[in-house]
Amino acid sequence: MDVRVTPTPRLHGELQALSSKNYTTRYLLVAALAEGTSTIYYPAHSEDSDAMRRCISDLGAVIEEDEEKITITGFGRNPKDVKELDVGNAGAVLRFLMAIAALAPDVTFINRYPDSLGKRPHDDLIDALGQIGVDVQHNNGRLPITIRGGQAKGGKIQVSGNVSSQFLSALLFLTPLLEEDSEIEVLHDLKSKVVVGQTLEVLEQAGIVIEATEDLMYYKVKGGQKYLAKKYVVQGDYPGSAAVLAAAAVTESDVILHRLEENSKQGERAIVDVLRMMEVPLTHKDGIVHVKGNGKLKAVEFDGDKATDAVLAMVAAAVFADGTSRFYDVENLRYKECDRITDYLNELRKAGANVEERQSEIIVHGRPEGVEGGVEINAHYDHRVIMALTVVGLRAKQPLRIRDAHHVAKSYPIFFDHLKALGANVEWIE
Ligand SMILES: O=C(O)C1=C[C@@H](OP(=O)(O)O)[C@@H](O)[C@H](O)C1
Ligand SMILES: C=C(OP(=O)(O)O)C(=O)O
């Protein structure tokens, strides 16, 4: 399904932010790893969070759900002997469960998205699991991947952090359940470090004790720990909301978004600071962001690694800024649903933006006068590309057609409903 985005000068209205994808996947996982019954209030509903639900259920968690909450009776350290797991296109779900599969005899992760997740590398995690005796069969570091666990006892693990933080998070979820104590040392740089903060926060809430150095590069984990069954409440999602806020910033707007905690550990809350730096009129108080956009933005420089899943939305806003913006330290955007530097900038250029790439930088020469539009956009299976190009389309001169925009459902199935509710001219077309 495609979406047509027709230029829209004004947005107006009030929305509840959707629930955080990253917290939902983590709470589902720690609930599955506990032996009792946990309750998660306001879980996210998206393809990625559904992938975690489906997989933990296949592994033996018992799940009941109503409008408001989900209750999960976990399998502790004894997952069911499943032969196959389907994580859809969800990178974090795959990586976390690759580690948990070390507790099972023989699991194969199938390759349902050969052109997206199927291209992403998992070598660093495969290597780390190998160090504690887990046998991993793989296709040159990629899916399909078969894990034969059972032998893992704990010990010293070194893991590289310069492609994805998800490998480290995966090991942090697994090692407390192993018989022996573990030490985890992160090699090279640790990208998306802030997200590891969310992992540690959730582990602590689940009763797991982990000693971490302040720089998050070294950990001591006692083996034989138990995840506790708990009650969790999922907060609002900054990465998805970043696109809505960017849309409000590039238009004349009066847009209010609820459920965005000021002191959240989500790095993508930096969207608020970045828009402020761009001189977009806004306030943020008591979990409510209120943007009163006038369409005027100033260029900005920002370390994108601090807010990895909001960078594309920030870049979309910068397309209309006065001056040249620079988003640096973003190399690992290349290893996501698509190459979020080369592929994304190609689509932006088609729409009429003036952008340049470096290996780990995105440079945007702003066009406050607007961009031409009138083209078809390739979504590259990437929800964040779809959302960011929608922002650009709102201020293009001619409509943009975004092909296969249904992939927005990976994290934000109701994104277009939300934008429509604000008055955006967006419509699904066959
Ligand atoms: O741990 C997580 O839930 C995630 C970590 C980040 O990935 P990287 O660590 O690969 O940057 C982020 O982009 C992804 O959306 C979710
Ligand atoms: C990169 C993302 O997710 P994942 O790595 O879990 O596929 C994302 O949500 O933008």
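Residues numbered from 1 in each chain as written. Chains lettered and ligands numbered in written order. Predicted model: local features only at pLDDT ≥ 70, side-chain atom pairs only at ≥ 80, totals over all residues. Heavy atoms only, no water.

(A) Here's a closer look at the pairing of strand β11 (residues 182-187). Residues Ser-182, Ile-184 and Val-186 line the buried face of β11, whereas the alternating positions Glu-183, Glu-185 and Leu-187 sit on a face that is not buried. The parallel pair strand β10 (residues 155-160) and β11 is bridged by helix α5 (residues 166-174), and the resulting crossover is right-handed. Here β11 runs beside strand β13 (residues 218-221); their pairing, made up of four bridges, is antiparallel. Each bridged residue has a counterpart across the sheet, and for Ile-184 the counterpart in β13 is Tyr-219. (Buried < 20%, exposed > 50% of the residue type's maximum accessible area, 1.4 Å probe, protein only. Helix = DSSP H or I, 4+ residues; strand = E, 2+ residues; numbered from the N terminus. Right-handed = clockwise from strand over helix to strand, strands pointing away. Pairing = 2+ DSSP bridges.)

(B) Up close: the sheet that holds strand β12 (residues 210-212). Pairing in this open sheet of four strands is mixed, and the strands run β10-β11-β13-β12 from one edge to the other. Each of the sheet's edge strands pairs with one partner strand only, and the pair in question is β10 and β12. Taking each pair of neighbouring strands and ignoring which way they run, the sheet shows an average axis angle of 20°. Lying over the sheet, α5 contacts β10, β11, β12 and β13, oriented at roughly 160° with respect to β10. (Axes fitted to C-alpha atoms, helices over the stretch in contact; angles between N-to-C directions. Contact = heavy atoms within 4.5 Å.)

(C) Here's a closer look at the site of ligand 1. Surrounding ligand 1, one finds 14 residues, the nearest of these being Ser-164, Ser-165, Ser-192, Asp-309 and Lys-336. Here Arg-26 contributes a side-chain N or O atom positioned 2.7 Å from an oxygen atom of ligand 1. In this structure, Gln-166 approaches ligand 1 through a side-chain N or O atom, which is 3.1 Å from an oxygen atom. Taking 390 Å² as the accessible area of ligand 1 by itself, protein coverage stands at 95%. (Near = heavy atom within 4 Å. Polar contact = N/O pair within 3.5 Å; in protein donor to acceptor, adjacent residues only side chain to side chain. Areas by Shrake-Rupley, 256 points an atom, 1.4 Å probe, with all protein chains shown as cover.)

(D) Up close: the UniProt feature "binding site: phosphoenolpyruvate" (unreviewed entry) in the protein chain. The UniProt record marks Lys-21, Gly-91, Arg-120, Gln-166, Arg-340, Arg-384 and Lys-410 with the feature "binding site: phosphoenolpyruvate" (unreviewed entry), using the residue numbering of this structure. Residue position: Arg-340 is located in the loop between β19 (324-328) and α10 (342-351). Not counting the four nearest positions on each side in its chain, Arg-340 is found in contact with Asp-309, Leu-312, Leu-333, Arg-334, Ile-362, Asp-382, His-383 and Arg-384. Within the local environment of Arg-340, its side chain forms a polar contact with the side chain of Glu-337, the two groups lying 2.9 Å apart. (UniProt positions renumbered as here; feature names shortened; annotations may be inferred.)

(E) Highlighting the pattern of salt bridges. The tally for this structure, following the rule as stated, stands at 35 salt bridges. Of the charged contacts in the structure, one is a salt bridge between Asp-309 and Arg-384, with a shortest N-O distance of 3.9 Å. Of this pair, Asp-309 sits in the loop between β18 (301-303) and α9 (311-318) while Arg-384 sits in helix α11 (residues 383-394), placing them 75 residues apart in sequence. When sorted by exposure, Asp-309 lands in the same class as Arg-384, which is buried. Note that Glu-357 is salt-bridged to Arg-334, the shortest N-O span being 3.0 Å. (Salt bridge = Lys/Arg side-chain N within 4 Å of Asp/Glu carboxyl O.)

(F) Structural view of helix α6 (residues 193-205). For α6, with 13 residues, the first-to-last C-alpha span of 19 Å sits near the 18 Å given by 1.5 Å per residue. Here the buried face of α6 lies against α1 (21-32), α5, β12 and β13. Just past α6, the residue Gly-207 takes up positive phi, approximately 85°. (Expected span 1.5 Å × (residues − 1).)

(G) Summary view of the site of ligand 2. By nearness alone, 14 residues border ligand 2, and Lys-21, Gly-91, Arg-120, Arg-384 and Lys-410 come closest of all. Contact distances for ligand 2 include 2.6 Å between an oxygen atom and a side-chain N or O atom of Lys-21. Here an oxygen atom of ligand 2 and a side-chain polar atom of Arg-340 are 3.0 Å apart. Isolated, ligand 2 exposes 300 Å² of accessible area, and the fraction of that covered by the protein chains is 97%. Where the shell around ligand 2 is concerned, the elements lending two or more residues are α3 (91-100) and α11. A per-class count over the shell around ligand 2 returns two nonpolar, four polar and eight charged. When residues of the shell around ligand 2 are assigned to domains, at least three fall in each of domain 1 (2-18 + 236-429) and domain 2 (21-222). (Nonpolar A, V, L, I, M, F, W, Y, C, P; charged D, E, K, R; others polar. Domains from an automatic or database assignment.)

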